[in-house]
Amino acid sequence: TPIPPVVVVAPPPPPDPNAKPEILWGRWQRVANLKPDAKVLASINADASKNQVLVGSYVVARPNNSTFVLPTEGRASFVMAASEATLTKAGGTPTMAQVKDAHLDIDFVSRSYDTGLTVFNSLGTVDMKSSGDVTQTGVLQNSLMSPGFILRGLLGGPTANEAVYTFKTTGTPNLEAAGVVRWVK
């Protein structure tokens with residue numbers, strides 16, 4: 001009996017966090033002494049008017065000519081490629097913060113996501129965990145099962161290979177977190 005040939009399948013290349021993203025995001029208002037992103041906002045208003053989400057000081061948009069296709073099967077884990085976040089003490093002004101311990105997992109069959117991250121700086125630490133829905137148009141939105149946070153975002157790319165979401169804590173009187181995270185798979 002002949003021995004079948006060995007087929008070697010190369011693993012996919014790792015995500016390139018510096019690749020030009022399809023999903024656009026920017027500040028629409030001043031936050032932590034950072035000005036609104038006038039150039040990004042102009043691009044969003046001109047070319048990404050159909051798919052936008054807004055939470056806090058950040059807007060996220062997918063271009064109208066997007067190559068986005070929502071997969072109907074499988075799961076994907078995403079890696080954080082970039083972030084911008086703030087922490088605010090009660091009655092204070094927002095202070096720039098960092099994001100760590102971040103994960104985003106999407107189940108395309110059940111059209112759901114699970115995510116978590118930690119926002120921290122010298123003011124303290126806020127841990128966020130959220131789960132929710134992925135709509136047919138690739139919008140991420142948290143459910144009532146994730147109290148304490150508002151999360152809205154978009155998937156992008158021809159195989160839903162990127163995501164960006166913006167988040168803000170609610171009901172946390174002592175220390176509030178807000179920000180935006182870009183993800184790649």
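Parameters and conventions
- Per-chain numbering applies: the sequence of each chain, read as written, is numbered from 1 onward.
- Restriction of local features to residues with pLDDT of at least 70 applies here, the model being predicted, together with a cutoff of 80 or more for giving and counting side-chain atom pairs; totals for whole chains, interfaces and linings are based on all residues.
- Based on all heavy atoms of the structure, the side-chain values leave hydrogens and waters out of the count.
- Strands are runs of DSSP state E lasting at least 2 residues, helices are runs of H or I lasting at least 4, and numbering of each runs from the N terminus.
- Throughout, exposure labels follow a simple rule: accessible area from a 1.4 Å probe, protein chains only, divided by the maximum for the residue type, with under 20% read as buried, over 50% as exposed, and the rest as partly exposed.
- Here a residue-residue contact requires only that any non-hydrogen atoms of the pair lie within 4.5 Å.
- Only the protein chains shown count as cover for residues, and the accessible areas themselves come from Shrake-Rupley with a 1.4 Å probe.
- Note on definitions: salt bridges are taken to be side-chain nitrogens of Lys or Arg within 4 Å of carboxyl oxygens of Asp or Glu.
- When DSSP finds at least two bridges between two strands, those strands are taken to pair.
- For helices, the fitted axis covers only the stretch in contact; all axes are lines through C-alpha atoms, and the angles between them, taken along N-to-C directions, range from 0 to 180 degrees.
- Any two of the Phe, Tyr and Trp rings considered here, Trp counted by its six-membered ring, make a pair once their centres fall within 6.5 Å; the pair's planes then place it as stacked at under 30 degrees, edge-to-face at over 60, or tilted in between.
- The set of buried Ala, Val, Leu, Ile, Met, Phe, Trp, Tyr and Cys residues whose side-chain atoms join them within 4.5 Å is what this entry labels a nonpolar core.

Trainee: How should the overall build of the protein chain be read in this particular structure?
Mentor: Per the secondary structure count, the protein chain includes 1 helix and 11 strands. The order of α-helices and β-strands along the protein chain, N terminus first, is β-α-β-β-β-β-β-β-β-β-β-β. Per-residue burial for the protein chain yields a buried fraction of 42% across its 185 residues. For the protein chain, long-range pairs separated by at least 24 residues make up 53% of all intrachain contacts whose partners lie at least 6 apart in sequence. For the protein chain, the accessible surface area stands at approximately 10200 Å², while carbon and sulfur atoms represent 56% of it.

Trainee: Please explain the pattern of salt bridges as it appears in this structure.
Mentor: Proximity of charged atoms lets side chains of opposite charge pair with each other. Taken as a whole, this structure holds 1 salt bridge when the rule is applied. Note that Asp107 and Arg75 form a salt bridge whose closest N and O atoms lie 3.2 Å from each other. Of this pair, Asp107 sits in strand β5 (residues 95-107) while Arg75 is found in strand β4 (residues 75-89), placing the two residues 32 residues apart along the sequence. Owing to a relative accessible area of 70%, Arg75 belongs among the exposed residues under this scheme.

Trainee: Sorry if this is basic, but what is going on with the sheet that holds β5 here?
Mentor: Consider a sheet: its strands pair through backbone hydrogen bonds, and that pairing is either parallel or antiparallel. Ordered in space as β4-β5-β6-β7-β8-β9-β10-β11, the 8 strands form a closed barrel in which the pairing is antiparallel. Strand after strand, the sheet turns through a mean of 20 degrees between neighbouring axes, direction not considered. Sheet topology places β5 next to strand β6 (residues 112-121); 8 bridges connect them, and they run antiparallel. Paired with Lys100 across the bridge in β6 is Thr118.

Trainee: For this particular structure, what's the right way to read the packing of aromatic side chains?
Mentor: Working definition: an aromatic ring pair is given by the centre-to-centre distance plus the angle between the planes. This structure, assessed with the given rule, holds 3 aromatic pairs. Aromatic side chains Trp25 and Tyr58 sit 6.2 Å apart centroid to centroid with 55 degrees between the ring planes, which places their arrangement in the tilted category. One end of the pair, Trp25, is in strand β1 (residues 24-27); the other, Tyr58, is in strand β3 (residues 58-62), with 33 residues separating them in the sequence. For the ring pair Tyr165 and Trp183, a centre distance of 5.7 Å and an interplane angle of 40 degrees mean the geometry is tilted. Of the two residues, Tyr165 is situated in strand β10 (residues 162-169) and Trp183 in strand β11 (residues 175-184); the sequence distance between them amounts to 18 residues. Given the relative accessible area of 0%, Tyr165 is considered buried. Trp183 gets classed as buried once you look at its relative accessible area, which sits at 0%. Taken together, the ring pairs connect Tyr165, Phe167 and Trp183 into an aromatic cluster.

Trainee: I tried to follow the nonpolar core on my own but got confused; where do I start?
Mentor: Soluble, globular proteins show a tendency: their nonpolar side chains are buried together. One finds Ile106, Val119, Leu155, Tyr165 and Phe167 to be the most contacted residues of the largest nonpolar core, which totals 29 residues. Of all the elements in the fold, those that place two or more residues in this core are β4, β5, β6, β7 (124-134), β9 (149-156), β10 and β11. Ile106 has contacts with Gly74, Arg75, Ala76, Phe78, Ser112, Tyr113, Val134, Leu140 and Leu155, leaving out every residue within four places of it along the chain.

Trainee: What exactly am I supposed to notice about the sheet that holds β3 here?
Mentor: Read from one edge of the open sheet, 3 strands run β1-β3-β2, paired in antiparallel fashion. Looking at the sheet topology across the chains shown, the edges are occupied by β1 and β2 (51-55). Taken pair by pair, the neighbouring strands of this sheet meet at an average axis angle of 15 degrees, ignoring direction. Sheet topology note: the β1/β3 ladder contains 4 bridges and is antiparallel.

Function cannot be inferred from these measures alone, as they are strictly geometric.
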